[in-house]
Amino acid sequence: MGEALADLLDAAAAGRFPPADGGVTFTPQPSARDAGVIAFTAHSVIFVDEDPDWLRAELAATGSDQLAAPMHPRFLAALLRRTGRRTDTIDLLTVATARPGPPPLALRELGDPDHPRVVRARHHRDDVRVWSADGGLLVLGRGVAGRWEAAVEVDERVRHRGLGRALAAAARHLVPGGAPVWAQQAPGNARSVRAFQAAGYRPAGAEALLTY
């Protein structure tokens, strides 16, 4: 078993990634909620409370290149059956450093919003906080291994005006304690990928989360 996932993520946020050696690191789940697979460059991390020997056997059973095996559909399907969990998609995992001062965008913090994006966030994150702008929402919360995660929502009527980028950038000013802020984007959601990268988020890897 490897080092704690939180330490691996902190190092990756600072630009220190696992060795690009084609290997796989097995590490315990940081909580009962959080389990999954993160693929960095030529090295993957599997954080799930399962027998490492079983995991290795299932990785070998994919018959794929060893670099691809941890994200191979056969392996993920076996892992879902074994754990009784489900997954939605394999996300692009990005991260940005905090920025000082207030965000350069007028925002209003909401107390107890019932927006579907916020309700979903509370299933996956702790300490969720939400801000609204005209036509958009910014959600911050502590997700996998306690990392701060940002998500944004932009109304269709105000798309293509840079609001998604501005909300993503605002998260860098609002994240507590100067911590790095992480965000996941579905690779096919090109608008979201472009918005977060324009706001200074850099790709760190790919992530498949296993949820209940």
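Refer to the structure printed above.
Being a predicted model, the structure only gives us computed values, none of them experimental.

Novice: Honestly, the overall build of the protein in this entry has me stumped. Any pointers?
Specialist: A tally of regular secondary structure across the protein gives six helices and 10 strands. The globule rule puts the C-alpha radius of gyration for 212 residues at 17 Å, and the 17 Å found for the protein is close to it. Counting only C-alpha atoms and orienting by the principal axes, one finds that the protein spans roughly 50 × 30 × 30 Å. The buried share of the protein, reckoned over its 212 residues, is 49%. In the protein, the share of contacts with a sequence separation of at least 24, taken over all contacts with a separation of at least 6, comes to 62%.

Novice: Before we go on, may I ask you to explain the nonpolar core in this structure?
Specialist: The nonpolar side chains of a soluble globular protein tend to be buried with one another. Ranked by size, the top nonpolar core spans 23 residues in total, and within it Leu138, Leu140, Ala150, Leu167, Ala171, Val181 and Tyr201 carry the most contacts. Listing elements by their share of this core, those giving two or more residues are strand E6 (126-133), strand E7 (136-142), strand E8 (148-154), helix H5 (163-174) and strand E9 (181-185). In terms of residue count, the dominant contributor to this core is H5 (seven residues). For leucine 167, the residues in contact, after removing those within four places along its chain, are Leu105, Leu107, Ala133, Gly136, Leu137, Leu138, Val152, Glu153 and Val154. Listed in part, the 18 residues of the second largest apolar core include Val37, Leu55, Ala78 and Leu80.

Novice: Help me understand the packing of aromatic side chains, please; the structure alone is not making it clear to me.
Specialist: Given two aromatic rings, their pairing is described by the distance between the two centres and the angle made by the two planes. Overall, the coordinates contain two aromatic pairs when judged by the stated rule. Between phenylalanine 196 and tyrosine 201, the aromatic rings sit 5.0 Å apart at their centres with planes inclined by 80°, giving edge-to-face as the arrangement. Residue classification places tyrosine 201 among the buried residues on the basis of a relative accessible area of 2%. Residue placement shows arginine 82 over the ring face of tryptophan 54; its charged tip is 4.5 Å from the ring centre. Across from the ring centre of tyrosine 212, 3.9 Å away, lies the NZ or CZ of arginine 85, which sits over that ring.

Novice: Can you walk me through unusual backbone geometry in this structure?
Specialist: With the exception of glycine, the majority of residues adopt a negative phi angle, and the majority of peptide bonds are in the trans configuration. In this structure, aspartate 127 is a non-glycine residue whose phi angle is positive, near 50°. Its place among the elements puts aspartate 127 in strand E6. The phi angle at alanine 145 is positive, at roughly 55°, despite the residue not being glycine.

Novice: Can you help me understand the environment of glycine 178 in this one?
Specialist: In this structure, glycine 178 sits in the loop between H5 and E9. What makes glycine 178 exposed here is its relative accessible area of 54%.

Novice: What exactly am I supposed to notice about the sheet that holds strand E5 (residues 108-110) here?
Specialist: Strands belonging to one sheet form pairs held by backbone hydrogen bonds; the direction of such a pair is parallel or antiparallel. Taken together, the 10 strands give an open sheet; going across it, the order is E1-E3-E2-E10-E4-E9-E8-E7-E6-E5, and neighbouring strands pair in mixed fashion. Of all the strands in the sheet, just strand E1 (23-27) and E5 have a single pairing partner and so form its edges. Taking each pair of neighbouring strands and ignoring which way they run, the sheet shows an average axis angle of 30°. Where E8 meets E9, two bridges bridge the pair, whose relative direction is parallel. By the bridge assignment, glutamate 149 is partnered in E9 with tryptophan 182.

Novice: So what exactly am I meant to see when it comes to helix H2 (residues 52-61) here?
Specialist: At 3.6 residues per turn, the α-helix brings residues three or four places apart onto the same side. Among the residues of H2, those classed as buried are Trp54, Leu55 and Leu59. Down the axis, H2 shows its buried residues gathered within 135° of arc, on one side only. Projecting away from the buried face of H2 at angles above 90 degrees are the exposed residues Asp53, Ala60 and Ala61. Of the surrounding secondary structure, the elements contacted by the buried residues of H2 are E1, strand E3 (43-47) and helix H3 (73-83). You can read the cap of H2 off the contacts: a side-chain oxygen lies 3.0 Å from the backbone nitrogen of aspartate 53, and it is on aspartate 51. The positive-phi residue at the C-terminal boundary of H2 is glycine 63, with phi of around 70°.

Reading guide: rules and limits
- Residues numbered from 1 in each chain as written.
- Predicted model: local features only at pLDDT ≥ 70, side-chain atom pairs only at ≥ 80, totals over all residues.
- Heavy atoms only, no water.
- Helix = DSSP H or I, 4+ residues; strand = E, 2+ residues; numbered from the N terminus.
- Rg over C-alpha atoms; globule rule 2.2 N^0.38 Å.
- Buried < 20%, exposed > 50% of the residue type's maximum accessible area, 1.4 Å probe, protein only.
- Contact = heavy atoms within 4.5 Å.
- Core = buried A, V, L, I, M, F, W, Y, C linked by side-chain atoms within 4.5 Å.
- Phe/Tyr/Trp six-rings, centres within 6.5 Å; stacked < 30°, edge-to-face > 60°.
- Lys NZ or Arg CZ within 6 Å of the ring centre and 35° of its normal.
- Pairing = 2+ DSSP bridges.
- Axes fitted to C-alpha atoms, helices over the stretch in contact; angles between N-to-C directions.
- Arc of directions from axis to C-beta.
- Polar contact = N/O pair within 3.5 Å; in protein donor to acceptor, adjacent residues only side chain to side chain.

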